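An overview of the molecular structure
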Amino acid sequence: MEYEEPKFFQVMKYGIEADRDVIDMVSGNPDWEPPTALREALAAYAELPSAEFQYPPSEGIRDLREAIAVRRGVDVDRIVLTNGTGEANYLGMARALERGAGDEALLMDPVYPYYPGKTELLGGEPTLVPTERDGGLDVDAVRAAASEDTALVVLNTPNNPTGAVYAIEKVREVVGIAESVDALVLVDEVYDRFDHTGSFESALSLDSDRVIVTSGFSKSMAITGFRVGYAILPDAHVDAAKTRHMLVNVAGSRPAQYAVSHALEATEPEYYAEARERLADRIDAFTEALEAAGAEYTRPDGGFYVLARFEGFPGTMENVKRLIDEAGVAGMPGDTFGTARDDWLRFALVTPRSLEAAERLVDYFSER
């Protein structure tokens, strides 16, 4: 199988090579400081005995798994620490597709592109299911798409790229649909710390043996380079996921897990609240500018991405490059995220220059 270079890297490379100043709104790399306790734990780790520089347990160090178990209200033995939430998703998706229950994965459209990519990597068939206009779950559409070939349903809430926060009752209905066709539901909750409405409720509250929940610390602690994620699996699927994780990675990074463990225990809720407040200010400023530019846009209830559509300027790769060259703003083409918003652009608000980017967009489209 041949794999196409992800469009994220194509756009970032084009922006880097541009002959002008470009504001990067492509990738979701938080621009704020990680927790102080994380830096302190890293410094302390350097002084630990040499035994602490060897392999950790394959499923992850016990202290961090226990801290996650307390926060998420689950048994510690259900948790596998992974190399980022991406690997957690891979393990959960693999478990669903390898059971002999079908080879179809239902993915909500717009879709984070790594979900269909992983589905195909695992030999499955991705099927895009339309969502509501605001990005919310369309339960009737999921019901209509589900069949005996469906082995997996993937949900992401808060959602990338729409910013939608799925109502827990709708997630419950989707889990019921999955049960009727013998599918598993993977719920990626990596943006759970960035719920701007107070309405987010984890799928773990459903206490279902059909639900796999994944998450991580890349976004919430502003440490995308640490690659510490986790999967919480039903008891029947834990051992298979552990085995695949061991065969693919052996184990994760012990220093990174150690630092995250200490930071998770020591970091006060104010740290996460400040990040949400920072993002709320950026969302306000950016969407006000989009309004002034005459754009249609989504205002995220969670996460830090905004989708925008400019009249007469479809969100193609060609126009993304034009926006880099002529306005100095780099976003993502809408067709990266499926078919539902293929004439839109996606912007990540994890840059201190988001207001400047908004002003550039207003100036650019006012002159068109």
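About the thresholds
- Residues numbered from 1 in each chain as written.
- Predicted model: local features only at pLDDT ≥ 70, side-chain atom pairs only at ≥ 80, totals over all residues.
- Heavy atoms only, no water.
- Helix = DSSP H or I, 4+ residues; strand = E, 2+ residues; numbered from the N terminus.
- Rg over C-alpha atoms; globule rule 2.2 N^0.38 Å.
- Lys, Arg positive; Asp, Glu negative; His and termini not counted.
- Charge placed at Lys NZ, Arg CZ, Asp CG, Glu CD.
- Domains from an automatic or database assignment.
- Contact = heavy atoms within 4.5 Å.
- Buried area = accessible area lost by both parts, 1.4 Å probe.
- Salt bridge = Lys/Arg side-chain N within 4 Å of Asp/Glu carboxyl O.
- Nonpolar A, V, L, I, M, F, W, Y, C, P; charged D, E, K, R; others polar.
- Pairing = 2+ DSSP bridges.
- Axes fitted to C-alpha atoms, helices over the stretch in contact; angles between N-to-C directions.
- Parallel < 35°, antiparallel > 145°, perpendicular 65-115°, else oblique.
- Left-handed = near helix turned anticlockwise from the far one by under 90°.
- Expected span 1.5 Å × (residues − 1).
- Buried < 20%, exposed > 50% of the residue type's maximum accessible area, 1.4 Å probe, protein only.
- UniProt positions renumbered as here; feature names shortened; annotations may be inferred.

1. A closer look at the overall build of the chain
The helix and strand tally for the chain stands at 12 helices and 13 strands. What you see for the chain is a C-alpha radius of gyration of 20 Å, in line with the 21 Å of a compact globule of 368 residues. In terms of its C-alpha atoms, the chain occupies a principal-axis envelope of roughly 60 × 55 × 40 Å. Once the 35 positive and 65 negative side-chain charges of the chain are each reduced to a mean point, those two points are 2 Å apart.

2. Here's the deal with the domain arrangement of the chain
Domain boundaries in the chain define domain 1 (4-34 + 270-367) and domain 2 (54-266). Listed by partner, the interface residues are 32 residues for domain 1 and 32 residues for domain 2. Carbon and sulfur atoms supply 58% of the area buried between domain 1 and domain 2, which totals about 2,600 Å² over both sides. Contact with domain 2 buries area across many residues of domain 1, yet Y272, D301 and F337 alone supply 24% of it, more than any other trio. Scanning the region where domain 1 abuts domain 2 turns up 1 salt bridge. When the shortest N-O distance is used, the salt bridge between R133 and E296 registers 2.8 Å. With 6 residues, helix α10 (residues 269-292) is the largest single contributor of residues to the side of domain 1 that touches domain 2. Of the residues in the side of domain 1 that touches domain 2, the class split is 18 nonpolar, 8 polar and 6 charged.

3. Concerning the sheet that holds strand β8 (residues 229-232)
One open sheet accounts for 7 strands, arranged β2-β8-β7-β6-β5-β3-β4; its pairing is mixed. Each of the sheet's edge strands pairs with one partner strand only, and the pair in question is β2 (79-82) and β4 (125-130). Taken over all neighbouring pairs, the strand axes of this sheet differ in orientation by 25° on average, direction set aside. Bridge analysis of β2 against β8 gives 4 bridges, and the strand direction is antiparallel. Within β8, the position partnered with L81 by the bridge is Y230.

4. Comments concerning the sheet that holds strand β9 (residues 296-297)
With respect to topology, 4 strands assemble into an open sheet ordered β9-β10-β13-β12, the strand pairing being antiparallel. Strands with a single pairing partner mark the edges of an open sheet, and in this sheet they are β9 and β12 (332-333). Here 2 bridges tie β12 to strand β13 (residues 345-348), and the two strands are oriented antiparallel to one another. By the bridge assignment, P333 is partnered in β13 with L345. Lying over the sheet, α10 contacts β9, β10 (305-309) and β13, oriented at roughly 0° with respect to β10.

5. Some thoughts on the packing of helix α4 (residues 84-97) against helix α5 (residues 114-121)
Closest axis-to-axis distance for the α4/α5 pair is 10 Å, and the angle between their directions is 45°. In terms of orientation, α4 and α5 fall into the oblique class. Two packed elements cross with a definite hand, and for α4 against α5 that hand is right-handed. For the pair α4 and α5, contact is made by G86, N89, Y90, M93 and L97 and by Y115, K118, T119 and L121, respectively. Its residues assigned to classes, the contact of α4 with α5 shows 5 nonpolar, 3 polar and 1 charged.

6. Section: α4
Taking 1.5 Å of rise per residue, 14 residues should cover 20 Å, and α4 covers 21 Å from first to last C-alpha, within 8% of that figure. Counting buried residues in α4 gives 13 out of 14 residues, a clear majority hidden from the surface.

7. Topic: helix α9 (residues 254-266)
Taking 1.5 Å per residue, 13 residues should reach 18 Å; α9 reaches 18 Å between its end C-alpha atoms and fits that length. Restricting attention to buried positions, one finds in α9 the residues R254, A256, Q257, Y258, A259, V260, S261, A263 and L264. Turning to α9, the residues buried within the fold contact α2 (36-45), α3 (62-72), β2 and α10.

8. So, the packing of α3 against α9
Running from N to C, α3 and α9 point in directions that differ by 40°, and their axes come no closer than 8 Å. In terms of orientation, α3 lies oblique with respect to α9. Here the hand of the crossing between α3 and α9 comes out left-handed. For the pair α3 and α9, the contacting residues are D63, L64, A67 and I68 in the first and Q257, V260, S261 and L264 in the second. Looking at the contact of α3 with α9 residue by residue, the class counts come to 5 nonpolar, 2 polar and 1 charged.

9. Here's the deal with the pairing of β8
Where burial is concerned, the two faces of β8 agree: the one with G229 and A231 and the one with Y230 and I232 are both buried. Bridge count between strand β7 (residues 211-216) and β8: 4 bridges; the pairing is antiparallel. Bridging across to β8, T214 finds its partner in A231.

10. Describing the UniProt feature "domain: Aminotransferase class I/classII large" (unreviewed entry) in the chain
UniProt records the feature "domain: Aminotransferase class I/classII large" (unreviewed entry) for residues 21-357 in the present numbering. Helix makes up 39% of residues 21-357 and strand 16%, and the two end C-alpha atoms of the span are 11 Å apart.

11. As for the environment of I324
Mapped onto the elements, I324 comes out in helix α11 (residues 317-327). Looking at I324, the relative accessible area reads 0%, which means it is buried. Among residues more than four places away in sequence, those in contact with I324 are V11, Y14, G15, A18, R20, V22, V329 and A330.

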